[in-house]
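Secondary and tertiary structure notes
The chain contents come next:
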Amino acid sequence: YKDRKLCTAEAANVKPVDKPVEPGQEKLEKQEGGRLATWFRDSLGRENVKEVKMSDRQHSQPAVVTVENLTTLRRYLEMAPPEQKEASYKYLLHNSVVLELNPSHPIIKQLSTLRESNPEVACLVAAQLFDTALMNADLVHDPRRMVGRINQILKAVTDVKQ
């Protein structure tokens, strides 16, 4: 339209609108963000995520996933036979999901510290953030698989040392 290329808002190449930085919303340092993104990718496993990067695309969520042709992929997965859904999800999402972390979000900033002080809980939180981002993109076939992890996270944060 008027010499501009139209694309869906879900497209990975959509550039964010500049938003003024509010007090208390400072980003992670670029170097620390890079280290966290590398740790995130290694924690999730390269078979689950193609790339993890820091991004200013989202302002309210700690993480989002982008997948090329997301709308088409969702439709295909909806039409998959029930007995093939899980295999279809794994096959089609394998090596195509890009996880974008919000360097200004408090959870991401805390996770940067948590991965050093409590790596077990940090891994649980990272996996949950990834699954939550997949759920937001409507790419989770069976959300019940998260229940055990959520309970582990709840136990870890409610464990009070006496």
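Just above, that's the structure.
Cut-offs and rules
- Residues numbered from 1 in each chain as written.
- Predicted model: local features only at pLDDT ≥ 70, side-chain atom pairs only at ≥ 80, totals over all residues.
- Heavy atoms only, no water.
- Helix = DSSP H or I, 4+ residues; strand = E, 2+ residues; numbered from the N terminus.
- Contact = heavy atoms within 4.5 Å.
- Areas by Shrake-Rupley, 256 points an atom, 1.4 Å probe, with all protein chains shown as cover.
- Axes fitted to C-alpha atoms, helices over the stretch in contact; angles between N-to-C directions.
- Parallel < 35°, antiparallel > 145°, perpendicular 65-115°, else oblique.
- Nonpolar A, V, L, I, M, F, W, Y, C, P; charged D, E, K, R; others polar.
- Core = buried A, V, L, I, M, F, W, Y, C linked by side-chain atoms within 4.5 Å.
- Buried < 20%, exposed > 50% of the residue type's maximum accessible area, 1.4 Å probe, protein only.
- Pairing = 2+ DSSP bridges.
- Salt bridge = Lys/Arg side-chain N within 4 Å of Asp/Glu carboxyl O.

Another aspect to go through is the overall build of the protein. Looking only at helices and strands, the protein features six helices and three strands. Reading the protein from its N terminus to its C terminus gives the helix and strand order α-β-β-α-α-β-α-α-α. For the protein, the share of sequence-separated contacts (at least 6 apart) that also reach a separation of at least 24 residues comes to 74%. If you sum the accessible surface of the protein, you get close to 10900 Å²; carbon and sulfur atoms cover 53% of it.

Quick look at the packing of helix 1 (residues 30–44) against helix 4 (residues 106–117) now. Where helix 1 meets helix 4, the axes come as close as 10 Å, and the angle between the chain directions of the two elements is 70 degrees. With respect to each other, helix 1 and helix 4 are oriented roughly perpendicular. Together, E32, R35, L36, W39 and F40 of helix 1 and I108, L111, S112 and R115 of helix 4 make up the contact between the two elements. Counted by class, the contact of helix 1 with helix 4 contains five nonpolar, one polar and three charged residues.

Right, let's talk about the nonpolar core for a bit. In terms of nonpolar packing, the biggest core is built from 32 residues, with F40, V65, L99, L111, F130 and L139 touching the most fellow members. Residue assignment for this core shows that the elements contributing at least two residues are helix 1, strand 2 (63–67), helix 2 (70–79), strand 3 (97–101), helix 4 and helix 5 (119–136). If one sorts the elements of this core by residue count, helix 5 sits on top with nine residues.

Here the focus is the sheet that holds strand 1 (residues 51–54). If you walk across this open sheet you meet the three strands as 1-3-2, and the pairing is mixed. One side of each edge strand has no neighbouring strand; the edge strands of this open sheet are strand 1 and strand 2. Going across the sheet, the axis of each strand differs from the next one's by a mean of 25 degrees, ignoring polarity. Summarising the sheet, strand 1 and strand 3 pair through four bridges and their orientation is parallel. Note on strand 3: the bridge partner recorded for M54 is L101.

For the structure on display, the rule yields eight salt bridges. A salt bridge links E32 to R35; the shortest N-O distance between them is 2.6 Å. One end of the pair, E32, and the other, R35, are both in helix 1, three residues apart, so they sit about a helical turn from each other. Taking the relative accessible area as the measure of exposure, R35 reaches 42% and is therefore partly exposed. In this structure, R149 and D131 form a salt bridge, with 2.7 Å as the shortest nitrogen-oxygen distance. Of the two residues, R149 is situated in helix 6 (residues 147–158) and D131 in helix 5; the sequence distance between them amounts to 18 residues. This pair shows no difference in class: R149 is buried, exactly as D131 is. Through salt bridges that share partners, E32, R35, R115 and E116 make up one connected network.

Looking at the element boundaries, R74 is found in helix 2. Look at R74 and you get buried, because its relative accessible area is 17%. Sequence separation of R74 and L139 is 65 residues, and the distance between their C-alpha atoms is 7.0 Å.

Note that all results are geometric; they support no functional claim without further evidence.
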